[in-house]
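# Chains, contacts and geometry: an overview
Given next are the chains, with one letter for each unit.
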Amino acid sequence: MTFQTYDCLQMLPIILLSLSGIALLFLGFQKSRALLLPATLLFLVIAFVANFLDWGKTYMYFRDMLLVNNLAMIFTGVVLLSTFMVVSLSGSLADDEDAQPAEYYAILLFSLVGAIMMIGFENLIMLFVGVEILSVAMYILTGSDKRNLRSNEAALKYFLMGAFATGILLFGIALLYGATGSFVLSGIGNYAHSATNAGGSMLLFYVGMFMLLIGMLFKVSAAPFHFWTPDVYDGAPSLFTAYMSTVVKTAGFAALLRILSVSFSGVYDFWWVAMAVVTVLTLLIGNITAVYQASFKRMMAYSSISHAGYLLIGLVGLSQASKPAIAFYSLAYSLSTIAAFGVLMLVARNRPLNAAVFGDQTTLARTDEHYDAFNGLARKNPLLGFVMAVSMLSLAGIPLTAGFWGKFMVFSAAADRGAVWLLVVAVLMSAVGIYYYFRVVIAMYFREGQTDTIRVAPFYRIVLIAATVLTLALGLLPNLFQGLI
Amino acid sequence: MNQFNTFLASFKNLTTAGYLFYGLGLITLISAISVVTAKNPIHSVLALIFTFFCLTGHYMLLNAQFLAIVNIIVYAGAIMVLFLFAIMFLNLKEEDEEAKTNVTKMAAVIVGGVLMVLLLSIFNYAPVGTYNPASFDAKTGLVERLGIVLYSDYILPFELASILFLVAMVGAVMLGKREAGDPHF
């Protein structure tokens, strides 16, 4: 591989997203909010196109700061596509008196800059700044429903715990620098290779490595660093929960994949046991706790923990094959999660909680997000029922959906490394997953409920259909995507 | 006894910087411990400010003048003033102390102790790099060098950090802005 260094304006997505975020802040001065959503979507499309301009080439930007290659472009593409879909589901913000859509959209675009930094970083400083941009944006969006106490609580919890995790991450980076004398990923990787061969003491390196991994595992909500996830995902507005559980997770795993494959592959024998333990814990806790949830949204939070576990399997079986596997899994997971949250938002909006039963509305969630809300949904709203059913099937990993191939590719990457016992746990836990994903399907198709016909805006409908069609297309023809990498 | 003598001998052989380092280190540790043990939150904050000043001394010993000044301005100055404000607003009383159960305290002590033993043993065995005084560049850590590095090698993360601050500012204004119907303060 030859690197060409271009210290010029070729990292278009980052620049475009930063500028369009600022532009959106200015658009917020207008009285009318009608322009905000189309403008955001336009900016995202432009960034998406600009991202793929350099397809097939490998660049290293700004003195070993940012690497752009096909894999990074695909991850960036997944992140931009997810954001596009999440933003297009946000049409109701324009009518919400309490909402500030201009600021929300601007923060979303800025946070994408952080996500892209995490995807392509070559220097640990870039990783740190990227993680911080993404995390700070998420703390704010979690608390954006200011009148809702649960949202406030979630934001405060997320902020305090996230700040500690960032501290641990930073400590790890400092120790790695002390051990290797380098912030550059390949420099750290060279040290790991040569020091393992020389047989010297690498304690400082190991401590730094594990602290960095702990910080990153917190961000992707792997057990035992997952305790913040249910409360935060539950308390945040559904729109931003969808964003958090797709974009943040994709970026976090892209970053983990990058640092493990470039810097720490030389000491694979040392870290794989710890990562395997984390994986098993994540799978067990995520799946088994999800069974006991009464709220659909909280179930999705635990489901996102369990999917972090499946993605971790791809990291434990680190090889050339796990790169496309993790990218494909992220895409499949993002599509179905966004579709599921899209339906949830529609259903929940039509069912405001009864203040007399649930007490003061401001102290509790404003809408009903329990399984019962889906009772009989498919009778009156066959489209919503179908979208939800496909996304649940995909999350459960049933064949003919994208989720199946995602799991298949991740598992086969681990099978090549001989981690069969890990796969046994994973397959058992997928079986548990089928139970709680099918609860929604059963509620929609076989339970009686008094759901009315829900009015769906045309664009909203198109996005939901697109997510479903993509999920099915990738399930029938996974080679479409695989051929890209 | 023999070990004590060798310790004394090594102590006598220290340079001026060595005496300064150990003296400063002792004061830093004492003030850091008193941050945790002080009953009165105000005393705790004052001890923390003192700790930051000691750390600034350490930066000076490491030839990092810029970092030392920034440490005083940012940490001992701005952040600690914020801390004091917050504590005075909260008006903490002593009766809030009993929030933690004994189990929590025990767990905290065990976890903290294990981490301390681990880190101590690791730093004891880990190879720590040294420098050669003859070839050491005295300009390392000065503002001039820092500026050159920031605006050449690290220009990209340096510029992108502005996005981080922008997000934080927008968020602070958005979350802190008074909405129609909110109470006046």
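Computed from a predicted model, the values in this text were never measured in an experiment.

Quick look at the confidence of the model for chain A now. Residue and element names in this part refer to chain A. Mean pLDDT over chain A stands at 89; residues scoring 70 or higher make up 93%. Mean pLDDT across the secondary structure elements of chain A bottoms out at helix 14 (residues 355-358), with 44, and peaks at helix 5 (residues 124-142), with 96. With pLDDT under 50 throughout, residues 1-5 is counted as low confidence; its partners more than four residues away or in other chains account for nine contacts. Here residues 354-364 is a poorly scored stretch, pLDDT under 50, and it has 13 contacts once near neighbours within four places are set aside; other chains count.

A few words now on the interface of chain A and chain B. Contacts between the two partners involve 35 residues from chain A, matched on the other side by 27 residues from chain B. Counting the surface lost from both chain A and chain B, the interface buries some 2800 Å², and carbon and sulfur atoms represent 80% of this. Between chain A and chain B we count one salt bridge in total. For the salt bridge of Arg63 of chain A with Asp153 of chain B, the shortest nitrogen-to-oxygen distance reads 3.0 Å. Elements with a minimum of two residues in the side of chain A that touches chain B: helix 1 (12-27), helix 4 (101-120), helix 5 and helix 8 (203-219) of chain A. Here the side of chain A that touches chain B is built from residues that sort into 24 nonpolar, six polar and five charged.

Here the focus is the domain arrangement of chain B. Each domain of chain B was delimited in the assignment, giving domain 1 (1-93) and domain 2 (143-185). Relative placement of domain 1 of chain B and domain 2 of chain B: their C-alpha centres are 28 Å apart.

We now examine the side chain of Ser394 of chain A. Residues and elements named next belong to chain A. With respect to the helices and strands, Ser394 occurs in helix 16 (residues 382-396). Separated by 3.4 Å, the side chains of Ser394 and Ser336 make a polar contact. Within the structure, the side chain of Ser394 is placed 3.0 Å from the backbone nitrogen of Gly403, a separation counted as a polar contact. Excluding residues within four positions of it along the chain, Ser394 makes contact with Ala332, Ser336, Thr401, Ala402, Gly403, Phe404 and Thr471.

This part covers the packing of helix 3 (residues 70-88) of chain A against helix 19 (residues 458-476) of chain A. Residue and element names in this part refer to chain A. Contact geometry for helix 3 and helix 19: axes closest at 9 Å, N-to-C directions at 145°. For the pair helix 3 and helix 19, the crossing hand works out as left-handed. The segment helix 3 lies against helix 19, with Leu81, Phe84, Met85 and Ser88 engaging Phe459, Val463, Ala467 and Leu470. The residue inventory of the contact of helix 3 with helix 19, partitioned by class, reads seven nonpolar, one polar and no charged.

Note on aromatic pairs: each is described by the distance of the centres and the angle between the planes. Residues and elements named next belong to chain A. Considering all chains together, one arrives at 28 aromatic pairs over all chains under this definition. Measuring from ring centre to ring centre gives 5.2 Å for Phe48 and Phe52, while their planes differ by 65°; the resulting arrangement is edge-to-face. The ring centre of Phe121 lies 5.9 Å from the NZ or CZ of Arg258, which sits over that ring. A cation sits over an aromatic face here: Lys407 above Tyr310, 4.4 Å from the ring centre.

Definitions and limits used
- Residues numbered from 1 in each chain as written.
- Chains lettered and ligands numbered in written order.
- Predicted model: local features only at pLDDT ≥ 70, side-chain atom pairs only at ≥ 80, totals over all residues.
- Heavy atoms only, no water.
- pLDDT = per-residue confidence, 0-100.
- Helix = DSSP H or I, 4+ residues; strand = E, 2+ residues; numbered from the N terminus.
- Contact = heavy atoms within 4.5 Å.
- Buried area = accessible area lost by both parts, 1.4 Å probe.
- Salt bridge = Lys/Arg side-chain N within 4 Å of Asp/Glu carboxyl O.
- Nonpolar A, V, L, I, M, F, W, Y, C, P; charged D, E, K, R; others polar.
- Domains from an automatic or database assignment.
- Polar contact = N/O pair within 3.5 Å; in protein donor to acceptor, adjacent residues only side chain to side chain.
- Axes fitted to C-alpha atoms, helices over the stretch in contact; angles between N-to-C directions.
- Left-handed = near helix turned anticlockwise from the far one by under 90°.
- Phe/Tyr/Trp six-rings, centres within 6.5 Å; stacked < 30°, edge-to-face > 60°.
- Lys NZ or Arg CZ within 6 Å of the ring centre and 35° of its normal.

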